[in-house]
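# Coordinate analysis (summary)
Here is what each chain is made of, one letter per residue.
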Amino acid sequence: MEHPFGYIKDGKVYLKGFLGRSDREIGEVKENEASTLSYFEARFEQIKDKVTKLKSDIEENQNKGSFLMKLIHLRDSLFETDALGDFIP
């Protein structure tokens, strides 16, 4: 089963590679393919919310440098997150 940002093959869910990274396995089908894809899409929405919150915190705070480590950690964790979505923006 295909998804704009991933696919299911042999009962496993894969995230399509981006920014020079190769495709990687992010999970497996539990109940059915549709609910599994929905689960990983919901995880992506949670990550988007974290990014939006951090962006808002940085914009509202005068000491923007205090968020540098949080920003670096979040950026690095995006490459390891088990979710389906458009990570590039």
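A brief report on the enclosed structure follows. (Residues numbered from 1 in each chain as written. Predicted model: local features only at pLDDT ≥ 70, side-chain atom pairs only at ≥ 80, totals over all residues. Heavy atoms only, no water.)

## Overview of the environment of Glu-45
Counting through the fold element by element, Glu-45 comes out in helix 1 (residues 33-60). Given the relative accessible area of 39%, Glu-45 is considered partly exposed. Taking the C-alpha atoms as reference, Glu-45 lies 18 Å from Phe-18; in sequence the two are 27 residues apart. (Helix = DSSP H or I, 4+ residues; strand = E, 2+ residues; numbered from the N terminus. Buried < 20%, exposed > 50% of the residue type's maximum accessible area, 1.4 Å probe, protein only.)

## Observations regarding the nonpolar core
As a rule of thumb, soluble globular proteins bury nonpolar side chains together. Within the largest apolar cluster, 13 residues are counted, with the highest numbers of intra-cluster contacts made by Val-13, Leu-15, Ile-26, Phe-40, Leu-84 and Phe-87. For this core, the elements supplying multiple residues, two or more each, are strand 3 (12-15) and helix 1. When near neighbours in sequence (up to four residues on either side) are disregarded, Phe-40 contacts Val-13, Ile-26, Gly-27, Asp-82, Ala-83 and Leu-84. (Core = buried A, V, L, I, M, F, W, Y, C linked by side-chain atoms within 4.5 Å. Contact = heavy atoms within 4.5 Å.)

## A word on the packing of aromatic side chains
By convention here, two paired aromatic rings are described through the distance between centres and the angle between planes. Counted according to the given criterion, the structure contains five aromatic pairs. Seen in terms of ring centroids, Tyr-7 and Tyr-14 are 5.2 Å apart; in terms of plane orientation they differ by 15°. Their pairing is stacked. Residue classification places Tyr-7 among the buried residues on the basis of a relative accessible area of 18%. Ring centres of Phe-18 and Phe-87 lie 5.3 Å apart, and the angle between their planes is 5°; this geometry places the pair in the stacked category. On the criterion of sequence distance, the pair formed by Phe-18 in the loop between strand 3 and strand 4 (24-28) and Phe-87 in the segment after helix 2 (68-78) is long-range, its members being 69 residues apart. Taken together, Phe-18, Phe-44, Phe-79 and Phe-87 form an aromatic cluster joined through their ring pairs. (Phe/Tyr/Trp six-rings, centres within 6.5 Å; stacked < 30°, edge-to-face > 60°.)

## A few points about helix 1
When the terminal C-alpha atoms of helix 1 are compared, their 41 Å separation across 28 residues agrees well with the 40 Å that a helix rising 1.5 Å per residue should span. When we look at burial in helix 1, the residues that qualify are Thr-36, Leu-37, Phe-40, Phe-44, Ile-47, Leu-54 and Ile-58. Looking at the buried positions of helix 1, the neighbouring elements they touch are strand 1 (2-3), strand 2 (6-9), strand 3, strand 4 and helix 2. Its side-chain oxygen at 3.2 Å from the backbone nitrogen of Ala-34, Asn-32 defines the N-terminal cap of helix 1. (Expected span 1.5 Å × (residues − 1). Polar contact = N/O pair within 3.5 Å; in protein donor to acceptor, adjacent residues only side chain to side chain.)

## Structural notes on the packing of helix 1 against helix 2
It is the contact of helix 1 with helix 2, at a shortest axis distance of 11 Å, that shows an interaxial angle of 160°. It follows that helix 1 is roughly antiparallel to helix 2 by the angle criterion. Considering how the two elements wind past one another, helix 1 and helix 2 form a crossing that is left-handed. Mapping the contact onto sequence places Ile-47, Lys-50, Val-51 and Leu-54 in helix 1 and Lys-70, Leu-71, Leu-74 and Leu-78 in helix 2. When grouped by side-chain class, the residues that make up the contact of helix 1 with helix 2 number six nonpolar, no polar and two charged. (Axes fitted to C-alpha atoms, helices over the stretch in contact; angles between N-to-C directions. Parallel < 35°, antiparallel > 145°, perpendicular 65-115°, else oblique. Left-handed = near helix turned anticlockwise from the far one by under 90°. Nonpolar A, V, L, I, M, F, W, Y, C, P; charged D, E, K, R; others polar.)

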